[in-house]
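Observations on the model geometry
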Amino acid sequence: MHTNASILIIDDERDIRLSLRGIFEDEDWQVTEAGNGTEGLGLALEGDFDLIFLDIWMPGMDGMAVLCALRDKGVDTPVIMISGHGNIETAVTALKNGAFDFIEKPLSLDNVLVTAGKALELSLLKRENRELRSRIQPEEAPTITGSSPGIVRLRELVAQVGPTEAWVLITGENGTGKEIAARAIHRASKRASKEMICVNCAAIPEELIESELFGHEKGAFTGADKAKKGKFELADKSTLFLDEIADMSLKTQAKILRILQEQKFERVGGTKTFKVDVRVIAATNKDLVQEMVEGRFRQDLYYRLNVFPLSVPPLRERAEDIPEMIEFFSRRMIEEQSLRPVRFDRESLDLLKRYAWPGNVRELKNFVERLFILYQGQEVNVSMLPPEYRASAARDSLAMVPDGITDFKEARARFEEAFLRRELAHADGNVARMSENIGLERTYLYRKLKTYGLGAEEGR
């Protein structure tokens, strides 16, 4: 249950240290020893331990002084005090000073393991709370929003793969919401009680990515002044999300592959082997098949990750979701910042549905925040939209007319045909919905569609 727990033993009696080491290593826990209080305090401040066993009576700096120094420095690692001269007063003093528990010598195997198990549970909870507090909230919406066929299908696949242990490879353009899909998979899994650990492989310098993923020991490189757990270790019994997986070097890809296959690793600068149980979800905005052809991505890693592929569609391919997503982000602005609602008239929504949204969902979220700053409590029309959105719509309209058309009637007919064909596609072939979207009476619209060969078979 507490695989890879890291224990520090501070005791001046070598036999006690050896005895405890044997007990803990039988549980596959990692053990570090200190023979006096000063050495132990230094290790505790420099390292990243899950539990400390601390003897009270030691020459020089005794256990009580070490405990007080740790608490003064803000170290909240659970500490179990041990002593061969125990009495009630000493035990009470230790607990008041912040010790987790007190054990008398001679040590009982069962008592040591039971007390250590309880302390490790507390340590795990504290670590998870720190992770939650320090985690940056994702920029995108926390749910997969939309009702277009592509998004409905994506939600169905997430619901199917989530409860399994299958590894998932998510592809999609920047800003489409790949991390949101990963979080939805994690929430639907048996590992949902633990926090998903995220790594943006593109944001970590190449020389630091191994330390970030696998952790490092003190002195492993310049600046490594204390031991640190890596993302794989933190993700034990949970999910590890490797975002922008294609941005890792071939050297790091090779190490990742070995660890994914064996589920064990060593920290940078260390020799101890850590075993983990990690479910991996990877994501990329690149074409991994093309990356493999060009020698930038390992085939064996691709096939290890691509157990269950998922693709998140770009926003331009699900324009019908835009009003719903604008409503979602607007509601969040109102709830989180107590702002007055912003409304969009039909013409402005139609224009926004025609915009290409190169930044996808991330761009749409930023757009909504921008409009709330400008027009809180107002209704937005086309003239109030930022210039780049109006200009883009105008360019799209001109693009509907082929070059070389100089006759006005022919240009209007070409534009009208292209416009109707596009809007029919946006309405998924539903003429009633299309009629409502573009503001034309349905009977007249049917006649127009028939004129351009977009009749009943396309407009039903």
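Residues numbered from 1 in each chain as written. Predicted model: local features only at pLDDT ≥ 70, side-chain atom pairs only at ≥ 80, totals over all residues. Heavy atoms only, no water.

1. Let's talk about the UniProt feature "modified residue: 4-aspartylphosphate" (unreviewed entry) in the protein chain
Keep this limit in mind: UniProt positions are given in the numbering used here, feature names are shortened, and annotations may be inferred rather than shown by experiment. Numbering of helices and strands starts at the N terminus; helices are DSSP runs of H or I of at least 4 residues and strands are runs of E of at least 2. Under the scheme applied here, a residue whose accessible area is under 20% of the maximum for its type counts as buried, over 50% as exposed, and between as partly exposed, the area being computed with a 1.4 Å probe on protein chains only. In this analysis, two residues are considered to be in contact whenever any of their non-hydrogen atoms come within 4.5 Å of each other.
Per the UniProt entry, the sites bearing "modified residue: 4-aspartylphosphate" (unreviewed entry) are Asp-55 in this numbering. The topology assignment puts Asp-55 in strand β3 (residues 51-55). Owing to a relative accessible area of 2%, Asp-55 belongs among the buried residues under this scheme. Excluding anything up to four places from it in sequence, Asp-55 contacts Ile-10, Asp-11, Asp-12, Gly-63, Ile-82, Ser-83 and Lys-105.

2. Looking at the sheet that holds strand β6 (residues 168-171)
Strand pairing in a sheet takes place through backbone hydrogen bonds and is either antiparallel or parallel in direction. The line we're drawing: Strands were regarded as paired on the criterion that DSSP finds at least two bridges between them. The convention used is that axes are lines fitted to C-alpha atoms, helices contributing only their stretch in contact, and that angles between N-to-C directions extend from 0 to 180 degrees.
Reading across the sheet, the five strands line up as β7-β10-β13-β6-β14 and stay open at both edges, with parallel pairing between neighbours. What marks the edges here is a single partner per strand, and that holds for β7 (197-200) and β14 (308-311). Taken over all neighbouring pairs, the strand axes of this sheet differ in orientation by 20° on average, direction set aside. Of the pairings in the sheet, the one linking β7 to strand β10 (residues 239-243) comprises four bridges and is parallel in character. Note on β10: the bridge partner recorded for Ile-197 is Leu-240. Here helix α6 (residues 149-161) sits on the sheet and contacts β6, β13 (279-284) and β14; the angle it forms with β14, its principal contact strand, is near 155°.

3. Brief notes about the packing of aromatic side chains
Formally: When two rings of Phe, Tyr or Trp (its six-membered ring) have centres within 6.5 Å they constitute a pair, described as stacked for plane angles under 30 degrees, edge-to-face for angles over 60, and tilted for the intermediate range. Counted as over-ring charges are cases with an Arg CZ or a Lys NZ within 6 Å of the ring centre that also lie within 35 degrees of the ring normal.
Throughout the structure, instances matching the rule amount to 14 aromatic pairs. A ring pair is formed by Tyr-302 and Tyr-303, whose centres lie 5.1 Å apart and whose planes are at 75°; its orientation type is edge-to-face. Take Tyr-302: its relative accessible area is 13%, and that puts it in the buried class. Tyr-303 gets classed as exposed once you look at its relative accessible area, which sits at 56%. An angle of 55° between the planes, with centres 4.5 Å apart, marks the rings of Tyr-355 and Tyr-389 as tilted. Of this pair, Tyr-355 sits in the loop between α14 (346-354) and α15 (360-375) while Tyr-389 is found in helix α16 (residues 387-399), placing the two residues 34 residues apart along the sequence. When the ring centre of Trp-167 is taken as reference, the NZ or CZ atom of Arg-304 above it lies at 3.8 Å.

4. Things to note about the packing of helix α18 (residues 431-438) against helix α19 (residues 442-451)
Note the cut-off: We call two directions roughly parallel when the angle between them is under 35 degrees, roughly antiparallel when it is over 145, roughly perpendicular when it lies between 65 and 115, and oblique otherwise. In this classification, the charged set is Asp, Glu, Lys and Arg, the nonpolar set is Ala, Val, Leu, Ile, Met, Phe, Trp, Tyr, Cys and Pro, and all remaining amino acids, among them Gly, are polar.
Running from amino to carboxyl end, α18 crosses α19 at an angle of 105°, the nearest separation of the two axes being 10 Å. Considering the angle they form, α18 stands roughly perpendicular to α19. Packed against α18, whose contacting residues are Val-431, Ala-432, Met-434, Ser-435 and Ile-438, the element α19 presents Arg-442, Leu-445, Tyr-446 and Leu-449 at the interface. Residues that form the contact of α18 with α19 fall into these classes: seven nonpolar, one polar and one charged.

5. Considerations on the environment of Lys-73
Summarising the element assignment, Lys-73 is placed in the loop between α3 (63-72) and β4 (79-83). Counting along the chain gives 28 residues from Lys-73 to Leu-45, while the straight-line C-alpha distance between them is 8.2 Å.

6. Considering unusual backbone geometry
With an omega dihedral of -5°, the bond running from Lys-105 to Pro-106 counts as a cis peptide bond. Looking at the element boundaries, Pro-106 is found in the loop between β5 (101-104) and α5 (109-134). Although it is not a glycine, Lys-237 sits at a positive phi angle of roughly 70°. Looking at Lys-237, the relative accessible area reads 35%, which means it is partly exposed. Despite not being glycine, Gln-263 shows a phi value in the positive range, around 60°. Within the secondary structure layout, Gln-263 lies in the loop between α10 (250-262) and β11 (264-266). Under the relative-accessibility criterion, Gln-263 is labelled buried at 16%.

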